[in-house]
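Listed below, chain by chain, are the residues.
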Amino acid sequence: MLQQYEKLKSALSSAKKIVFFTGAGISAESGIPTFRGKDGIWNKMKPDELANFNAFLRNPQIVWDWYQYRKKIVHQASPNHAHLTISEFQNYFDEVLVVTQNVDGFHSRAGSEIVYELHGNIEKNYCIDCGKRFDFENLEIEGKVPKCGCGGLIRPDIVWFGELLPEDAYSLSELAAETCDILFVIGTSALVFPAANIPYIAKKHGKFLVEVNIEKTELSSIVDLSLFGKAGEILPQILQRVKEEKSYGKN
Ligand code: BV8
Ligand code: ZN
């Protein structure tokens, strides 16, 4: 890791704005299953049977139950060293932004102040008829799919396949990728678009790209540096060196 760090060191020493683009891999060490890994979610069930609007209309109870099951896992888990380290980066750089594909809310829970959730948040819901929001509310009604006062079904505020990403979150994420100094890509297979455009936009704008993953991905050929290993181990090592540099620079 040391010789690779040298490349990153100079980028970090002059960096003012850092963006972390994260995927399911960053929450794996919290016990949240990823999607495409060996015990990934999509190995057991088909995304088009669960993570799309027609599936919800066909089987609202099955889809609703699946998200309640995943929400329970999130509630029993907590942010790990990787999320906490990203939050601590805020003490050492002028601007630190997180662009996440995850819906677990762990970055905010870890203390990151600017988090763009491209695929929604598992704690948020809305009525499919009138759009009324039901965020952070306990909607458990003997496990039935909850209904809005208007009679409409309530669905998770999660971006399903074939659905548009939240416009503001996506455009702010594009701007972040265009204007940052370093973009860290953490724990994502970078296969799902348009979210996976973010690293390519940063690359196109000549930003320094660092990938942290346990294995090679689609992005490995375009990043400036690939650090192979667990995010919860690598990110604290990087921050440790930043602290040493900054304190060295101080005296
Ligand atoms: C849209 C919400 C259009 C559900 C999700 C063909 C080509 C290109 C695109 C398409 C295509 N066919 C269809 C499309 C579009 C489609 C898409 O991209 N499909 C892909 C699969 C080909 N995209 C869409 O449908 C998007 N919408 O395009 O709308 C449109 C246009 C006009 C008008 C209307 C609509 C919507 C996409 C959002 C889908 N929703 N999830 C839910 O979460 O329940 S996608 C799902 O994948 C998750 O959100 C997840 O965030 C996302 C990406 O997965 P990753 O986060 O990368 O997770 P993964 O398991 O894949 O990888 C984990 C990585 O971590 C691995 O690399 C692993 O090695 C690493 N790792 C593991 N442990 C660790 C680690 N790394 C470090 N440390 C560790 N400890
Ligand atoms: Zn309604």
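Thresholds applied
Residues numbered from 1 in each chain as written. Chains lettered and ligands numbered in written order. Predicted model: local features only at pLDDT ≥ 70, side-chain atom pairs only at ≥ 80, totals over all residues. Heavy atoms only, no water. Donors = N, O, S within 2.8 Å, 3.2 Å for Na, K, Ca; no water. Tetrahedral: all angles 85-135°; square planar, octahedral: opposite > 155°, others 65-115°. Domains from an automatic or database assignment. Contact = heavy atoms within 4.5 Å. Buried area = accessible area lost by both parts, 1.4 Å probe. Polar contact = N/O pair within 3.5 Å; in protein donor to acceptor, adjacent residues only side chain to side chain. Near = heavy atom within 4 Å. Areas by Shrake-Rupley, 256 points an atom, 1.4 Å probe, with all protein chains shown as cover. Helix = DSSP H or I, 4+ residues; strand = E, 2+ residues; numbered from the N terminus. Nonpolar A, V, L, I, M, F, W, Y, C, P; charged D, E, K, R; others polar. Buried < 20%, exposed > 50% of the residue type's maximum accessible area, 1.4 Å probe, protein only. Arc of directions from axis to C-beta. Axes fitted to C-alpha atoms, helices over the stretch in contact; angles between N-to-C directions. Left-handed = near helix turned anticlockwise from the far one by under 90°. Core = buried A, V, L, I, M, F, W, Y, C linked by side-chain atoms within 4.5 Å. Pairing = 2+ DSSP bridges. Salt bridge = Lys/Arg side-chain N within 4 Å of Asp/Glu carboxyl O.

## Structural notes on the coordination of the zinc ion (ligand 2)
So, point 1. Taken together, Cys-127 (SG), Cys-130 (SG), Cys-148 (SG) and Cys-150 (SG) make up the protein donors of the zinc ion (ligand 2), found 2.2 to 2.4 Å from the metal.
So, point 2. One way to put it: the 4 donor atoms around the zinc ion (ligand 2) meet at angles of 101 to 121°, and that makes the site tetrahedral.
So, point 3. If you list the donors of the zinc ion (ligand 2) from N- to C-terminus, the spacing comes out as C-x2-C-x17-C-x1-C.

## Some points on the domain arrangement of the protein
So, point 1. Considered domain by domain, the protein is made up of domain 1 (1-32 + 79-119 + 165-251) and domain 2 (33-76 + 122-158).
So, point 2. A separation of 28 Å is found between the C-alpha centroids of domain 1 and domain 2.
So, point 3. With 14 residues of domain 1 at the interface, the matching set in domain 2 holds 11 residues.
So, point 4. With both sides pooled, the region where domain 1 packs onto domain 2 buries about 900 Å², and carbon together with sulfur makes up 63% of that total.
So, point 5. Sorting the residues of domain 1 by area buried against domain 2 places Ala-24, Ile-32 and Val-103 first, and these three jointly supply 50% of that buried surface.
So, point 6. Taken together, the links from domain 1 to domain 2 amount to 2 residue pairs in polar contact (both at pLDDT 80 or more).

## What about the site of ligand 1?
So, point 1. Taken together, 33 residues lie around ligand 1, and Arg-36, Arg-70, Thr-188, Ser-189 and Asn-213 are the ones closest in.
So, point 2. Backbone polar atom of Ala-231 to a nitrogen atom of ligand 1: 3.0 Å apart, as the coordinates give it.
So, point 3. If ligand 1 stood free it would expose 1500 Å²; the protein chains cover 74% of that surface.
So, point 4. Element by element, the count of residues in the shell around ligand 1 is highest for helix 5 (residues 60-76), at 3 residues.
So, point 5. Residue classes in the shell around ligand 1 are distributed as 16 nonpolar, 11 polar and 6 charged.
So, point 6. The residue makeup of the shell around ligand 1 includes at least three contributed by each of domain 1 (1-32 + 79-119 + 165-251) and domain 2 (33-76 + 122-158).

## Some details on helix 9 (residues 197-204)
Residues separated by three or four positions in an α-helix point in the same direction, a consequence of the helix having 3.6 residues per turn.
So, point 1. Residues Ile-198, Pro-199, Ile-201 and Ala-202 constitute the buried set of helix 9. Mapping the buried residues of helix 9 onto a view down its axis gives an arc of 160°, with all of them on the same face.
So, point 2. The inward-facing, buried residues of helix 9 abut strand 1 (17-22), strand 2 (95-100), helix 8 (167-179), strand 6 (182-186) and strand 7 (208-213).
So, point 3. Count one or two residues on from helix 9 and you reach Gly-206, which has phi positive near 70°.

## A word on the packing of helix 8 against helix 9
So, point 1. It is at 8 Å that the axes of helix 8 and helix 9 come closest, and there the two elements cross at 35°. The two elements helix 8 and helix 9 cross, and the hand of that crossing is right-handed. Contacts between helix 8 and helix 9 involve Tyr-170, Ser-173, Glu-174, Ala-177 and Glu-178 from the former and Asn-197, Ile-198, Ile-201 and Ala-202 from the latter.
So, point 2. Class assignment for the residues of the contact of helix 8 with helix 9 results in 5 nonpolar, 2 polar and 2 charged.

## Some details on the nonpolar core
So, point 1. Formed by 29 residues in total, the largest nonpolar core has its most connected members in Leu-8, Leu-12, Phe-20, Ile-182, Phe-184 and Ile-238.
So, point 2. Those elements giving two or more residues to this core turn out to be helix 1 (2-14), strand 1, helix 6 (81-89), strand 2, strand 6, strand 7, strand 8 (225-228) and helix 10 (231-250).
So, point 3. With 6 residues, helix 10 is the single largest residue contributor to this core.

## Topic: the sheet that holds strand 2
Sheet strands pair by backbone hydrogen bonding; their relative direction is either parallel or antiparallel.
So, point 1. Reading across the sheet, the 6 strands line up as 3-2-1-6-7-8 and stay open at both edges, with parallel pairing between neighbours. Each end of this open sheet is capped by a strand with a single partner; those strands are strand 3 (115-117) and strand 8. In this sheet, adjacent strand axes meet at a mean angle of 15° when their direction is disregarded.
So, point 2. For strand 1 and strand 6, the ladder comprises 5 bridges, and the chain directions are parallel. In the strand pairing of strand 6, Ile-18 is matched with Ile-182.
So, point 3. Here helix 6 sits on the sheet in contact with strand 1 and strand 2, set at roughly 160° to strand 1.
So, point 4. Of the strands in this sheet, strand 1, strand 2, strand 6 and strand 7 are in contact with helix 9, which crosses strand 6 at around 155°.

## Some details on the pattern of salt bridges
So, point 1. Taken as a whole and assessed by the stated rule, the structure comprises 7 salt bridges.
So, point 2. For Glu-88, the salt bridge is made with Lys-243, and the minimal N-O distance between the two is 2.7 Å. Here Glu-88, found in helix 6, pairs with Lys-243, found in helix 10; they are 155 residues apart in sequence, far enough to count as distant.
So, point 3. Put simply, Glu-163 and Arg-155 hold a salt bridge, and the shortest N to O gap is 2.7 Å.

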